[in-house]
Amino acid sequence: MTARRLLAIESSCDETAAAVVDEDLTVVSSVVSSQIDLHAAFGGVVPEVAGRAHVELLEPVVAQAIEMAGGTMTEPGIVGVAVTRGPGLIGSLLVGLSGAKAMAWAWGVPLIGINHMEGHLFAAQLEAPQVPHPHVTLLVSGGHTMLLLVKGPGDYELLGGTIDDAAGEAYDKVARYLGLGYPGGPAIDRLAGTGDPAAYRFPRSMAKDGLDLSFSGLKTSVVRAVDQAGGDVVVADVAASFQAAVTDVLVAKSMAAVDQTGARALVLGGGVAANSALRAAAGAACEEAGIECFLPSLAMCTDNAAMIAAAGWHHLDHVGDGLELAADPSLHLELEGAQP
Ligand code: KG4
Ligand code: ZN
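No experiment lies behind these values; they were computed from the predicted model shown. (Residues numbered from 1 in each chain as written. Chains lettered and ligands numbered in written order. Predicted model: local features only at pLDDT ≥ 70, side-chain atom pairs only at ≥ 80, totals over all residues. Heavy atoms only, no water.)

Participant: Let's hear about the sheet that holds strand E4 (residues 80–86): which residues, and what values?
Facilitator: In space, the five strands of this open sheet follow the order E3-E2-E1-E4-E5, with mixed pairing throughout. What marks the edges here is a single partner per strand, and that holds for strand E3 (27–34) and strand E5 (111–115). Each strand axis lies, on average, 20 degrees off the axis of its neighbour in the sheet, ignoring direction. Judged from the six bridges that link them, strand E1 (residues 5–10) and strand E2 (residues 15–22) form a sheet pairing that is antiparallel. When the sheet's bridge partners are listed, Arg5 is paired in E2 with Asp22. Contacts from helix H3 (residues 90–107) reach E1, E4 and E5, with the element oriented near 160 degrees to E4. (Pairing = 2+ DSSP bridges. Helix = DSSP H or I, 4+ residues; strand = E, 2+ residues; numbered from the N terminus. Axes fitted to C-alpha atoms, helices over the stretch in contact; angles between N-to-C directions. Contact = heavy atoms within 4.5 Å.)

As structure tokens, then:
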């Protein structure tokens, strides 16, 4: 008997992605076409440019994912189409969603609208299906920073979130200020490896009490330090010191969340979870606390469609979305507790 397969499409920002994933969460194919080169010249994602690029890339990326899984565009061999419907850039979302609707209709299979952040939440399970519940997940992407208690698939309680910039946003803004280009996170990560993380003592904002986070003060401190030196700084030292401050805060808050909830594991997700310093520090803190730490591979941290398929499998039995399914650029995750 052949395995049941789901096709997923992700186009919420600047990656056009498609994947085919089996019911047991085996990733049969995962194709990610990055638009980095298109946007780099502008220093960030240009929504208009992203939307147009998705139009050109969607069909070939989907065809490639299906062919790698042994199907064809006429006989795809899938039981449903999962697609990101938000949050993200509206023009980008609409391209993926419209394509997914057309394909689901033509193939006569269910359409499943997925929240992009729930995709990031499921990413770790693609590689580690044994992640124990309840666990704490630190979701750190370009637009969101959340600490969640995951009691089971689809059962999330919000423990804390950023009160201003998301962690990835802080990386991108500081990188842009330091002239490191776009995308900022990987550039800072690379450069920080050659710098001194103790060169500057940037503030570790604990956003008062509780499990909320804040990064805008840190960004301001970086700008002030560089200004005060008249721009005469070793950029690698600034990058390393900034990264150390972000990492300290993220790990301290994550471990406080673990303590508070008695969770048995810490899971990381989202683009910033690809950061080398954060991965090392989270792993060390978990080892010291005697709990498991689950770090998705780098490709599963940043945007991809395999994680959307994983979330899609969870929803497939519960929902079949109609063709009227709408994109929602500020879609919220269904949570217990207030939105960050
Ligand atoms: O999850 P993601 O790919 O897209 C969103 O859903 O936003 O996250 C993108 C963010 C960007 O802010 C990018 O700079 C950051 O993740 N990022 C990193 C690293 N790789 C990507 N930040 C720090 N270190 C990295 N290695
Ligand atoms: Zn993302």
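Participant: Describe the pattern of salt bridges, with residues and values.
Facilitator: One pass over the structure, following the stated rule, counts eight salt bridges. Of the charged contacts in the structure, one is a salt bridge between Arg5 and Asp22, with a shortest N-O distance of 2.8 Å. Here Arg5 is found in strand E1, whereas its partner Asp22 is found in strand E2, with 17 residues between them in sequence. Its salt-bridge partner being Glu157, residue Lys151 comes within 3.2 Å of it at the nearest N-O pair. Accessibility expressed as a relative area gives 32% for Lys151, which makes it partly exposed. The class of Glu157 is partly exposed, set by a relative accessible area of 24%. (Salt bridge = Lys/Arg side-chain N within 4 Å of Asp/Glu carboxyl O. Buried < 20%, exposed > 50% of the residue type's maximum accessible area, 1.4 Å probe, protein only.)

Participant: Pulling in residues and values, what's your account of the site of ligand 1?
Facilitator: Ligand 1 sits among 18 residues. The nearest are His120, Gly142, Asp172, Gly185 and Asp189. Taking Gly142, its main chain carries an N or O atom lying 2.8 Å from an oxygen atom of ligand 1. Contact between ligand 1 and Asp303: an oxygen atom at 3.2 Å from a side-chain N or O atom of the residue. Summarising the interface, the protein chains cover 87% of the accessible area of ligand 1, which totals 550 Å² for the free molecule. Every element with two or more residues in the shell around ligand 1 is listed here: helix H4 (116–127), helix H5 (167–177) and helix H6 (184–192). Of the residues contributing to the shell around ligand 1, the split by class is four nonpolar, 11 polar and three charged. For the shell around ligand 1, the two domains that each supply at least three residues are domain 1 (5–120 + 303–315) and domain 2 (132–300). (Near = heavy atom within 4 Å. Polar contact = N/O pair within 3.5 Å; in protein donor to acceptor, adjacent residues only side chain to side chain. Areas by Shrake-Rupley, 256 points an atom, 1.4 Å probe, with all protein chains shown as cover. Nonpolar A, V, L, I, M, F, W, Y, C, P; charged D, E, K, R; others polar. Domains from an automatic or database assignment.)

Participant: Give a description of the pairing of E4 that names residues and reports values.
Facilitator: Most of E4 is tucked away, with six of its seven residues classed as buried. With four bridges connecting them, E1 and E4 associate as parallel partners. Across the sheet, Ala8 pairs through a bridge with Ala82, a residue of E4. Summarising the sheet, E4 and E5 pair through five bridges and their orientation is parallel. Directly across from Gly86, in E5, lies its bridge partner Asn115. A crossover connection joins E4 to the parallel E5 through H3; in handedness this β-α-β unit is right-handed. (Right-handed = clockwise from strand over helix to strand, strands pointing away.)

Participant: Could you give an account of the pairing of E1, with specific residues and numbers?
Facilitator: Counting buried positions over the six residues of E1 gives five, a clear majority of the element. Count of turn residues in the E1/E2 antiparallel hairpin: four residues.

Participant: Let's hear about the coordination of the zinc ion (ligand 2): which residues, and what values?
Facilitator: The protein atoms donating to the zinc ion (ligand 2) are His116 (NE2), His120 (NE2) and Asp303 (OD), with metal-donor distances spanning 2.0 to 2.1 Å. Binding-site remark: the zinc ion (ligand 2) is held by donors from one chain whose sequence spacing is H-x3-H-x182-D. Linking His116 with His120, this pair stays in helix H4, spanning four residues, or about one helical turn. Considered together, His116 and His120 belong to a single accessibility category, that of buried residues. (Donors = N, O, S within 2.8 Å, 3.2 Å for Na, K, Ca; no water.)

Participant: Pulling in residues and values, what's your account of the sheet that holds strand E10 (residues 292–294)?
Facilitator: Strands sit in the order E8-E7-E6-E9-E10 across an open sheet of five strands; the sheet is mixed. Of all the strands in the sheet, the pair left with one neighbour each is strand E8 (155–161) and E10. Averaged over all pairs of adjacent strands, the angle between their axes in this sheet comes to 25 degrees, without regard to strand direction. As paired strands, strand E6 (residues 135–140) and strand E7 (residues 145–152) are joined by six bridges and run antiparallel to one another. Bridged to Leu139 within E7 is Met146. Here H4 sits on the sheet in contact with E6, E7, E8 and strand E9 (265–269), set at roughly 125 degrees to E6. Sheet strands touched by helix H8 (residues 235–261): E6, E7, E8 and E9. Its angle to E6, the strand with the most contacts, is close to 155 degrees.

Participant: So what's going on with the side chain of His54? Residues and values would help.
Facilitator: When you line up the elements, His54 lands in helix H2 (residues 47–68). For His54, a relative accessible area of 0% translates into the label buried. Within the structure, the side chain of His54 is placed 2.9 Å from the side chain of Thr16, a separation counted as a polar contact.

Any functional reading would require information that these geometric values do not contain.
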